[in-house]
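Residue-level listing of the chains:
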Amino acid sequence: KAALPQYSIENYSSSDVAKAKEDKTKLNKAAKALNDERIKIEKEWMKPFGEFKDVVTDTVGLIKNCVASIDTIITEDDERTKKAKREQIERLAETCGVEVVGIKLENIWNDKWLNKTTSLKSIEKEITDKVNSIKNDLETLKTFSEDYDALVTYYKENLNLSETVAYANRLIEAR
């Protein structure tokens, strides 16, 4: 650092181009030698850290393998629990009259019902409300007596009264 002022641009002129080239080469060699030494020392200094990093990486991999194995047991239990709850919901749907209104449980199914935090009581209320809504909608469709059977079939596919009424109006217009 102390020697660098002698290589200041003021010390060169167009008549000293050969000297400038020589000094440039000398400075580039010095910079390369210095940087090479830094890299060499850094590699030596980082060697213990590299070994430690390898050990940690291997250990973390082993831990993740254990976690994955444990996770399979947890996943299997979750699936068993969800299957048991689904069976309870299917029985509950029968008592709520889902099949009485002529629809399948899948038509009104809500995946959140399988969550552990969702109680059977709240599921029963939701199913009952939907069944009652469907019954009311089917009663409304009776006002279209001529097309009732076609409308009921259409309604049970989409469970959307306004869409079914629009379909009924299209049928009337077509006739």
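Let us look at the structure shown here. (Residues numbered from 1 in each chain as written. Predicted model: local features only at pLDDT ≥ 70, side-chain atom pairs only at ≥ 80, totals over all residues. Heavy atoms only, no water.)

Our next topic: the overall build of the protein. A tally of regular secondary structure across the protein gives 5 helices and 0 strands. Counting from the amino terminus, the protein carries its helices and strands in the arrangement α-α-α-α-α. A globule of 175 residues ought to have a C-alpha radius of gyration of about 16 Å, yet the protein, at 40 Å, is considerably larger. With the principal axes as the frame, the protein shows a C-alpha extent of 110 × 50 × 20 Å. Split into buried and exposed, the 175 residues of the protein put 19% on the buried side. For the protein, contacts bridging at least 24 residues in sequence account for 48% of all contacts bridging at least 6. By element, 57% of the accessible surface of the protein is carried by carbon and sulfur atoms, the whole surface being about 13300 Å². If the 30 positive side-chain charges of the protein are averaged to one point and the 33 negative ones to another, these points end up 7 Å apart. (Helix = DSSP H or I, 4+ residues; strand = E, 2+ residues; numbered from the N terminus. Rg over C-alpha atoms; globule rule 2.2 N^0.38 Å. Buried < 20%, exposed > 50% of the residue type's maximum accessible area, 1.4 Å probe, protein only. Contact = heavy atoms within 4.5 Å. Areas by Shrake-Rupley, 256 points an atom, 1.4 Å probe, with all protein chains shown as cover. Lys, Arg positive; Asp, Glu negative; His and termini not counted. Charge placed at Lys NZ, Arg CZ, Asp CG, Glu CD.)

Right, let's talk about the packing of helix α3 (residues 120–141) against helix α4 (residues 148–158) for a bit. It is the contact of α3 with α4, at a shortest axis distance of 10 Å, that shows an interaxial angle of 150°. Between α3 and α4, the interaxial angle falls into the category roughly antiparallel. For the element pair α3 and α4, the recorded crossing hand is right-handed. Only Tyr148, Leu151, Val152 and Tyr155 of α4 make contact with α3, whose side of the interface consists of Ser133, Ile134, Asp137, Leu138 and Leu141. Looking at the contact of α3 with α4 residue by residue, the classes come out as 7 nonpolar, 1 polar and 1 charged. (Axes fitted to C-alpha atoms, helices over the stretch in contact; angles between N-to-C directions. Parallel < 35°, antiparallel > 145°, perpendicular 65-115°, else oblique. Left-handed = near helix turned anticlockwise from the far one by under 90°. Nonpolar A, V, L, I, M, F, W, Y, C, P; charged D, E, K, R; others polar.)

With 23 residues, the main nonpolar core has Ile89, Val98, Leu105, Ile108, Trp113, Ile127 and Ile134 as its most contacted residues. At the level of secondary structure, the elements contributing two or more residues to this core comprise α1 (17–96), α2 (105–108), α3 and α4. In terms of residues, this core owes the most to one element, α3, which gives 6 residues. Those residues in contact with Trp113, other than ones at most four positions away along the chain, are Lys85, Ile89, Leu105, Ile108, Thr118, Ile123, Glu126 and Ile127. (Core = buried A, V, L, I, M, F, W, Y, C linked by side-chain atoms within 4.5 Å.)

A few words now on the pattern of salt bridges. Using the criterion set out here, one finds 12 salt bridges in the structure. Two residues, Asp23 and Lys19, come together in a salt bridge whose shortest N-O distance is 3.3 Å. Pair noted here: Asp23 and Lys19 are both in helix α1, with a separation of 4 residues, about one helical turn. Among the residues examined, Asp23 registers a relative accessible area of 4% and is labelled buried. The salt bridge involving Arg86 is made with Glu106; its shortest N-O contact spans 3.6 Å. Residue Arg86 is found in helix α1, and its partner Glu106 is found in helix α2; the two are separated by 20 residues along the sequence. Accessibility expressed as a relative area gives 26% for Arg86, which makes it partly exposed. One network of salt bridges, in which partners are shared, links Lys19, Asp23 and Lys26. (Salt bridge = Lys/Arg side-chain N within 4 Å of Asp/Glu carboxyl O.)

Turning our eyes to something else, we now look at the packing of aromatic side chains. Overall, the coordinates contain 3 aromatic pairs when judged by the stated rule. Measuring from ring centre to ring centre gives 6.5 Å for Phe49 and Phe52, while their planes differ by 45°; the resulting arrangement is tilted. Remark: Phe52 and Phe49 occur in helix α1; sequence separation between them is 3 residues, near one turn of the helix. Classification of Phe49 by relative accessible area gives partly exposed; the value is 44%. Ring centres of Tyr154 and Tyr167 lie 4.2 Å apart, and the angle between their planes is 10°; on these two criteria the pair is classed as stacked. Placement of Tyr154 in helix α4 and of Tyr167 in helix α5 (residues 161–174) is noted, with a sequence separation of 13 residues between them. (Phe/Tyr/Trp six-rings, centres within 6.5 Å; stacked < 30°, edge-to-face > 60°.)

Purely geometric numbers; function is a separate question.
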